[in-house]
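# Architecture at a glance
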Amino acid sequence: MNGIKLLNPNNQSVLGIFARCMIVVISAIWLFYIDEIEGVSPIMSTLVLVLLCFSKTIYFVWVGYQKIIDVTIKDAPFHKFIVFACMNISVFILSFTFDFFGLYLINPANYEGMPVNYSNPRLLFEFLFFSLQQFTFFGYGNLLPSSVLAKILSMLELTISFLTILFILSDFNSLKESLLTRVEARKDEDE
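Quick look at the structure, then. (Residues numbered from 1 in each chain as written. Predicted model: local features only at pLDDT ≥ 70, side-chain atom pairs only at ≥ 80, totals over all residues. Heavy atoms only, no water.)

### Brief notes about the overall build of the chain
When you go through the chain residue by residue, the secondary structure sums to seven helices and two strands. Out of the 191 residues in the chain, the part that is buried amounts to 36%. Considering only intrachain contacts with a sequence separation of at least 6, the fraction spanning at least 24 residues in the chain is 72%. Approximately 11600 Å² of the chain is accessible, and the part contributed by carbon and sulfur atoms is 68%. (Helix = DSSP H or I, 4+ residues; strand = E, 2+ residues; numbered from the N terminus. Buried < 20%, exposed > 50% of the residue type's maximum accessible area, 1.4 Å probe, protein only. Contact = heavy atoms within 4.5 Å. Areas by Shrake-Rupley, 256 points an atom, 1.4 Å probe, with all protein chains shown as cover.)

Here's what the structure looks like:
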């Protein structure tokens, strides 16, 4: 029954994940639209991309942190946390895919190793592959960030990846017990 509840459209966590995915997609479409407008300089497009990237990354990290605290305090089953973690990782990978793609559209010299004759859907696939490689630390080196900004975005994704995987691989039950002990201690102090 719990598995059905997780997929229930009225469930806040599914709606929250859907909302975050829509933020990623809408910001990517908006950025693509800005890049296509005549008269908008590449510097302005790049600035918008960087601001969107850092803003949504901070937002996603904050929401993820709040969810981890919530899952821990409510003593939720570990499998629900893993489902959340997988969804969160998917959102990060998709988000950075659009960031890398947008940066490439602004200036193809931001990346080395991308053939110039690829269509936009193929480019999007290549950047999805690149983002997935980075997030899992299995980079093949066939696509390389060459500009400082592309390297900064790559370092941001790698940092988030490292922290996410480190947390998932760490002893979640110990963290859970530690936080529950702190919550109980605060309750005792309040009484």
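### Points about the side chain of Ser-154
Note on placement: Ser-154 falls in helix H6 (residues 148–169). A relative accessible area of 4% means that Ser-154 is categorised as buried. Of the polar contacts made by the side chain of Ser-154, one reaches the side chain of Gln-134; its length is 3.3 Å. Look past the residues within four positions of Ser-154 in its chain and what remains in contact with it is Phe-100, Phe-130, Gln-134 and Pro-145. (Polar contact = N/O pair within 3.5 Å; in protein donor to acceptor, adjacent residues only side chain to side chain.)

### A few points about the packing of aromatic side chains
This model, assessed by the stated rule, comprises six aromatic pairs. Here the aromatic rings of Tyr-104 and Phe-127 are separated by 5.5 Å at their centres, their planes lie at 50°, and the arrangement is tilted. Note that Tyr-104 is positioned in helix H4 (residues 78–106) and Phe-127 in helix H5 (residues 120–136), a separation of 23 residues in sequence. No difference in accessibility class separates Tyr-104 from Phe-127, as the two residues are buried. Centroid distance Tyr-111 to Phe-127: 5.1 Å. Interplanar angle 65°. Geometry classified as edge-to-face. Of this pair, Tyr-111 sits in strand S1 (residues 111–112) while Phe-127 sits in helix H5, and the two are 16 residues apart along the sequence. This pair shows no difference in class: Tyr-111 is buried, exactly as Phe-127 is. Connected via pairs of aromatic rings, a cluster forms that spans Phe-96, Phe-100, Tyr-104, Tyr-111, Phe-127 and Phe-130. (Phe/Tyr/Trp six-rings, centres within 6.5 Å; stacked < 30°, edge-to-face > 60°.)

### Thoughts on the nonpolar core
Within the largest apolar cluster, 26 residues are counted, with the highest numbers of intra-cluster contacts made by Phe-96, Phe-100, Leu-103, Tyr-111 and Phe-127. Of all elements in the fold, only helix H3 (42–73), H4, H5 and H6 reach the threshold of two or more residues within this core. Counting residues per element, this core draws most heavily on H4, at 10 residues. Leave out the neighbours within four places in its chain, and Phe-96 touches Cys-53, Thr-57, Ser-131, Leu-153, Leu-156, Glu-157 and Ile-160. Grouped together as the second largest cluster of nonpolar side chains are five residues, Ile-68, Val-71, Ala-76 and Phe-81 included. (Core = buried A, V, L, I, M, F, W, Y, C linked by side-chain atoms within 4.5 Å.)

### Comments concerning the pattern of salt bridges
With the rule as written, the count across this model stands at two salt bridges. Of the charged contacts in the structure, one is a salt bridge between Lys-56 and Asp-99, with a shortest N-O distance of 2.7 Å. Separated by 43 residues along the polypeptide, Lys-56 in helix H3 and Asp-99 in helix H4 bring together distant segments of the chain. For Asp-99, a relative accessible area of 5% corresponds to the buried category. The residue Glu-126 makes a salt bridge to Arg-122 at a minimum N-O spacing of 2.8 Å. Here Glu-126 and its partner Arg-122 are both found in helix H5, four residues apart, which amounts to about one turn of the helix. In this structure Glu-126 comes out as buried when scored by relative accessible area, which is 14%. When its relative accessible area of 36% is taken as the criterion, Arg-122 is described as partly exposed. (Salt bridge = Lys/Arg side-chain N within 4 Å of Asp/Glu carboxyl O.)

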